[in-house]
Amino acid sequence: MPANILDGKAISASIREEIANEVLELKGKGVTPGLAVILVGDDQASHTYVRNKERACEQLGIHSELIKLPATVTEEELLGRLRELNADSNINGILVQLPLPKHINESRVIETIDPAKDVDGFHPINIGRMMTKQKALLPCTPFGILKMVKETGIDIKGKHVVVIGRSNIVGKPVGQLFLNEDATVTYCHSKTNDLRAYTEQADILIAAVGVAKMVKAEDIKKGAIVIDVGMNRDEHNKLCGDVDFADVAPKASYITPVPGGVGPMTITMLMYNTVQATKMAKKQ
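Residues numbered from 1 in each chain as written. Predicted model: local features only at pLDDT ≥ 70, side-chain atom pairs only at ≥ 80, totals over all residues. Heavy atoms only, no water.

A. Summary view of the overall build of the chain. Helices and strands together make up the secondary structure of the chain, namely 10 helices and 11 strands. For a compact globule of 284 residues, the expected C-alpha radius of gyration is about 19 Å, and the chain comes in at 19 Å, within 12% of that figure. Seen through its principal axes, the chain has C-alpha atoms that stretch 55 × 40 × 35 Å. A buried classification covers 49% of the 284 residues belonging to the chain. The contacts in the chain between residues at least 6 apart in sequence include a share of 70% that link residues at least 24 apart. Taking the average place of the 34 positive charges on the side chains of the chain and the average place of its 35 negative ones, the gap between the two points comes to 2 Å. (Helix = DSSP H or I, 4+ residues; strand = E, 2+ residues; numbered from the N terminus. Rg over C-alpha atoms; globule rule 2.2 N^0.38 Å. Buried < 20%, exposed > 50% of the residue type's maximum accessible area, 1.4 Å probe, protein only. Contact = heavy atoms within 4.5 Å. Lys, Arg positive; Asp, Glu negative; His and termini not counted. Charge placed at Lys NZ, Arg CZ, Asp CG, Glu CD.)

If you want it as C-alpha cells, here you go:
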C-alpha cells in the first residue's frame, strides 16, 4: 500500500481559515494584529521568504510592516530598531529574518526581542517555557510538524520519534514538542554511529539534516510516519528533501512531500503565533 500524503498546503489552508476568523473577531473588538519583519541585506532566499510572509498577512487581514536594513547596519542600530518595536503597541509580533551578516550576533538579536512578541519562538524564555510545558510562543516549523502528525489521527503517546538533526531551529525543539506529547524521543545527528539502527525503530521519523535523499526505504520501519524537513537540490537541480520520496513512500504509512509538505506549515504557524501574541497582549 502506498503511503498517505501529508499535504502541507491543505492542512495549512484549514488552519489559515481558523486564523482568518480569529483576526475578524479581534478586528470586531477594535484590535488588528500587527507583525513587523526586519530584513537585513540582500539574501535572495530571505527576500522570497519575506514576500511569502507579507502575502500571508495580507490574505489573513494581519497588519504587516517590512523594515529593510542594509547589510552594513551595525549591531547596535539593529538592536535599537528592535527596542522601538518592543515598545510599539501596534506591533504584536517581531521577526528578524535569518541569516544575518557575520558581524551581527544572532543570539544577542533574538534575546533583545520581547519574548511576548517573539513569534519565531526562538527567544530563550520561550524555549525554556516550551521545555517545561508552560504556555509559550512555539518555534514555527516544529509546531507545524506536530500539527501535521496530529492530522493523521494517531495517538502520539508512547510512540518512538526519531529526529535526524539537532539544529536550534528545528531538530532540538521538534523533539521536545513530541516529548511534551508523551512520545519517546531519540535524537540522531552527523556523529551518530549506525544511524539505521535508530531510524528503523521509528514510529515517526523526522529528517532535518539538509542532505538530499539521504533516507532510503531500508532505513525506515514499515508503516512509519515520515516527515521530511529538508529543502535541497538533487543531481538534476530539482527540489527535493532529505528523504528519497519515491523509494520511501511505498513503505511508509504517511509521508510529507517536498515541496508542499512542511514548508507551507511554517508560515501558517507564524501567522498563528502573531494572532496568539495579539490575544495575550490584549489580556494584559
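So, next bit.
B. Spotlight on the packing of helix 6 (residues 140–151) against helix 7 (residues 171–180). In the contact formed by helix 6 and helix 7, the axes pass within 9 Å of each other and the chain directions differ by 40°. Judged on the interaxial angle alone, helix 7 and helix 6 are oblique. Between helix 6 and helix 7 lies a crossing whose hand is right-handed. For the pair helix 6 and helix 7, the contacting residues are Pro-142, Phe-143, Ile-145, Leu-146 and Val-149 in the first and Pro-173, Val-174, Leu-177 and Phe-178 in the second. (Axes fitted to C-alpha atoms, helices over the stretch in contact; angles between N-to-C directions. Parallel < 35°, antiparallel > 145°, perpendicular 65-115°, else oblique. Left-handed = near helix turned anticlockwise from the far one by under 90°.)

C. Layout of the sheet that holds strand 4 (residues 93–96). An order of 3-2-4 is seen for the 3 strands of this open sheet, with the pairing classed as parallel. Sheet topology places strand 3 (63–69) and strand 4 at the edges, where each strand pairs with a single neighbour. Across the sheet, the mean angle separating the axes of adjacent strands is 15° when strand polarity is ignored. Note that strand 2 (residues 34–40) and strand 4 share 4 bridges and pair parallel. Paired with Val-37 across the strands is Leu-95, a residue of strand 4. In the packing of helix 3 (residues 75–87) onto the sheet, the strands contacted are strand 2, strand 3 and strand 4, and the crossing angle to strand 2 comes to about 175°. (Pairing = 2+ DSSP bridges.)

D. Spatial organisation of the side chain of Thr-141. Inspection of the secondary structure assignment puts Thr-141 in helix 6. If near-sequence neighbours (up to four positions away) are discounted, Thr-141 is found in contact with Val-170, Val-229, Val-262 and Thr-266.

E. Examining unusual backbone geometry more closely. Following Leu-98, the chain continues into Pro-99 via a peptide bond in cis, with omega recorded as 5°. In this chain, Val-258 is followed by Pro-259 through a cis amide linkage whose omega measures 0°. The residue Pro-259 is located in the loop between strand 11 (254–255) and helix 10 (262–283) in this model. A positive phi angle, close to 70°, is found at Asp-182, a residue other than glycine. Within the fold, Asp-182 resides in the loop between helix 7 and strand 6 (184–188). Residue Asp-182 is classed as partly exposed on the basis of its relative accessible area, which comes to 43%. The phi dihedral of Asp-194 is positive, around 55°, even though this residue is not glycine. Relative to the elements of secondary structure, Asp-194 occurs in the loop between strand 6 and helix 8 (195–199). With a relative accessible area of 55%, Asp-194 lands in the exposed category.

Any functional reading would require information that these geometric values do not contain.
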